[in-house]
Amino acid sequence: MKKYLFIILCISFFQLQAQTYQPEKIKKKAIQYYEQAVEYLRDQSYKESVPFLQKAIAADTNYVDAILSLAGVYGQLKKHDLSVHNYEWAKRKDTNYFKQYHLPYSINLAGMGKFQEALEAVNYFLAIPKISPNSIKAGRFRKRCYEFALNYQTTHPITNYIFAPENLGDSVNSEKSEYYPAVTIDDSLLVFTRRGDGYREDFMQSKIVQKAYRKATLINGDINLEPSKGAITVSADGEWMIFAGNFGRKKGFGDFDLYISFYTPDGWSEPENLGPNINTEFWESSPSLSPDKRVLYFSSNRYGGVGGKDLYYSVRMANGKFGPAMNLGDSINTTGDELAPYIHADNQTLFFTSDGLPGYGGSDLYLMRKQDDGTWSTPENLGYPINTIDDEGSFAVSADGLTAYYASDRSDSRGGLDLYKFKLRNDIRPAKTLYVKGKVFDKNTGKGLPCTVELIDNSNGKALMKIQTDELGEYFITLPKGKDYTFTVNRKGYLFYTELYELKNKEADSTYKKDIPLEPVALNTKVILNNIQFEVNSYKLLPVSLIELDKLLQILTENPTLKVEISGHTDNLGNAADNLKLSTNRAKAVVDYLVSKNISASRLTYKGYGSTKPIADNATEKGRAKNRRTEFTIISL
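Residues numbered from 1 in each chain as written. Predicted model: local features only at pLDDT ≥ 70, side-chain atom pairs only at ≥ 80, totals over all residues. Heavy atoms only, no water.

Student: Explanation requested: the overall build of the chain in the structure shown.
Tutor: If you tally the helices and strands in the chain, you get eleven helices and 34 strands. Dimensions of the chain along its principal axes, counting C-alpha atoms only, are 105 × 55 × 45 Å. The buried share among the 637 residues of the chain stands at 52%. Look at the contacts in the chain between residues 6 or more apart in sequence, and 57% of them connect residues 24 or more apart. Across the chain, the centroid of the 79 positively charged side chains sits 2 Å from that of the 76 negatively charged ones. (Helix = DSSP H or I, 4+ residues; strand = E, 2+ residues; numbered from the N terminus. Buried < 20%, exposed > 50% of the residue type's maximum accessible area, 1.4 Å probe, protein only. Contact = heavy atoms within 4.5 Å. Lys, Arg positive; Asp, Glu negative; His and termini not counted. Charge placed at Lys NZ, Arg CZ, Asp CG, Glu CD.)

Right, dumping it as structure tokens:
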């Protein structure tokens, strides 16, 4: 961490030319107050030192060293406006004496967001003859930070955005430090870590009712038994918690390891070590789980990384275990430390902290967005005033993409780090994310079916989310807005289910409840292909149709003796003969696609029915849309 230390612990006696400040003439009473302040400063008791520094200045308003010390103290307390006020007061007292203080003065100007003035101040400092190499190094570092800030202002013009972090209050925060917030997708539960006595850390939860935070309580169950713990995350559905713990060699592999706990009616289960694919003899922490529970992101200082602490990810395998951890690469990781990854519910936006990427001074918050090819975009700094000259830490964002949570030791902290929330700027928001939940069951018996549920992005045909239902067939899958999706459910021996969610250009309900009956593969079963689309008045398949056709292809491949009829249907608009011809050609286009994928033509027939078999009222557009459809019927097993 890059820190700046500029608290004066004793009176300076720089003898500079044209000096007007005369330390030797300071009143004795003022010096006595100053020496009392120094006792507190030696213990880093900054707040306690303030009254004595104020008394020293009141006793002698020419006491420049006391004014400078008070400016430094206010800087440590993040009261940058008061710090700058006192530095400027000292500067007016004696410009030459103040020269050496242009560096801390610049830092506090930057703390107020006055980056141009900060740059001018640090340039003045660097021009001072014969300053030490360490001073030059510190000054040049700050200069780069101020130049970055000014460039960010130019490239990210921000209008009508008010950054107003709100302390979550006494129900959540205490005189201890609170950090590593995470929230469930329905915004009903906030979980976080609270510092206890000594090395103890406890996992806490606060229920959110009508946007109010209930009194935080210890998370019950075995999850809190061990004292040495750290970062925690909760799955989007609230069923899993993954956290860092240092439980010794008997339970772990070395330093902090990652553990998982599952929700039960009796509380959270006994933690299970995630094993050698995730954990090493080194440090693993700050976990974040993707909303479909398939990918785990975390930070580790293991051997072979790019820098100190790097970001890694692990993909869950078919057997339910997480696979070998992989480094996110040197386009993201630096020679510094990357920490606190947080994957949003949209499964496309990853937030994290870094002190190695260009920024404002300490550890800054960044985001990356997943590209269509699966790679990540270049990390983007979240900008001032979210990032400051200090270290920014753990971070989370609600499912609606509007509200961010973070830990900070702002001036209104109850003690140490507190949890705050604030509204994100439009340009750095993830996609608002809804969810679909329900149960998949056998249509004939009603029995729940374990199966695969996928959410496919219609723009590229790739799976955005992929989950397995539980043993009862229950599922929960997130649904980011801003795109059109095909929702599919698959189980061998059953006909697939599809549903189209068009969220690109319209508002949607807050959530969807969808219980899904799957039909066993059986003779004469008929299935409507909900997402087969053609060009207008044409039988040319649109690319989005291939998503559903590939599911039909999967059934035909898994059941090599199955034969089906593909049927095409239209609404009643237009000429009946033309409709019959169009529906026939569209059915044939589907067959041609399946044959091109090595399905024998002998297993496929097609027929167009035009408008002769409507399933809805042709008097409305909604009804006509239902009638314009493609179906398949099993004609032989």
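Student: Is there a simple way to think about the sheet that holds strand 14 (residues 310–315) in this case?
Tutor: Think of a sheet as strands paired side by side through backbone hydrogen bonds, with each pair either parallel or antiparallel. Spatially, four strands are ordered 12-13-14-15 in an open sheet, and the strand pairing comes out antiparallel. The sheet terminates laterally at strand 12 (284–289) and strand 15 (326–327), the two strands that pair on one side only. As paired strands, strand 14 and strand 15 are joined by two bridges and run antiparallel to one another. Looking across to strand 15, one finds that Tyr312 is bridged to Asn327. (Pairing = 2+ DSSP bridges.)

Student: Would you mind going over the side chain of Thr184 with me for this structure?
Tutor: On the secondary structure map, Thr184 appears in the loop between strand 2 (178–183) and strand 3 (189–195). By relative accessible area, which is 4% here, Thr184 ends up buried. Setting aside its immediate chain neighbours within four residues, Thr184 contacts Leu189, Val234, Ser235, Ala236 and Gly238.

Student: Would you explain helix 6 (residues 102–111) in this entry?
Tutor: Every α-helical turn comprises 3.6 residues, leaving residues that sit three or four positions apart pointing alike. Among the ten residues in helix 6, ten count as buried, and that is most of the element. What helix 6 keeps buried is the set His102, Leu103, Pro104, Tyr105, Ser106, Ile107, Asn108, Leu109, Ala110 and Gly111. In this structure, the buried side of helix 6 is in contact with helix 3 (64–76), helix 4 (80–93), helix 5 (95–98), helix 7 (115–126) and helix 8 (133–155). At the exit of helix 6 stands Gly113, carrying a positive phi of roughly 85°.

Student: What should I look at first to understand the sheet that holds strand 16 (residues 338–343) in this one?
Tutor: Strand order in this open sheet of four strands is 16-17-18-19, and the pairing throughout is antiparallel. Two strands bound the open sheet, and with one partner strand each, they are strand 16 and strand 19 (380–381). Pairing of strand 16 with strand 17 (residues 349–354) involves four bridges; the strand directions are antiparallel. Bridge pairing links Ile343 to Leu350 in strand 17.

Student: What should I look at first to understand the packing of aromatic side chains in this one?
Tutor: Aromatic ring pairs are reported here in terms of the distance separating the ring centres and the angle at which the planes meet. Taken as a whole and judged by the stated rule, the model has 34 aromatic pairs. Look at Phe203 and Phe243: their rings are 5.0 Å apart centre to centre, the planes differ by 65°, and that puts the pair in the edge-to-face class. Placement of the pair is Phe203 in strand 4 (residues 201–209) and Phe243 in strand 8 (residues 240–245), with a sequence separation of 40 residues. Considering the side-chain rings of Phe243 and Phe247, the 6.3 Å spacing of their centres and the 50° angle between planes classify their relative orientation as tilted. Look at Phe247 and you get buried, because its relative accessible area is 13%. Feature note: the residues Phe163, Phe351, Phe395, Tyr406, Tyr420 and Phe422 constitute an aromatic cluster, connected by ring pairs. Positioned over the ring face of Phe52 is Lys55, at 5.5 Å from the centre of the ring. The positively charged end of Arg410 is found above the aromatic ring belonging to Tyr420, 5.9 Å away from the centroid. (Phe/Tyr/Trp six-rings, centres within 6.5 Å; stacked < 30°, edge-to-face > 60°. Lys NZ or Arg CZ within 6 Å of the ring centre and 35° of its normal.)

Student: Can you help me understand the environment of Ile128 in this one?
Tutor: Turning to its location among the elements, Ile128 is positioned in the loop between helix 7 and helix 8. A relative accessible area of 11% places Ile128 in the buried class. In this view, Ile128 contacts Lys99 and Gln100; residues no more than four positions away in its chain are not counted.

Student: Please clarify how unusual backbone geometry should be interpreted in this entry.
Tutor: Residues other than glycine predominantly adopt negative phi, and peptide bonds predominantly adopt the trans conformation. Cis geometry marks the peptide bond from Tyr384 to Pro385; its omega dihedral reads 10°. Its location among the elements puts Pro385 in the loop between strand 19 and strand 20 (395–397). At Tyr180, a position not held by glycine, the phi torsion is positive, near 50°. On the secondary structure map, Tyr180 appears in strand 2. Positive phi outside glycine occurs at Ser286, with the angle close to 45°. Tracing the chain through its elements places Ser286 in strand 12. For Ser286, a relative accessible area of 1% translates into the label buried.

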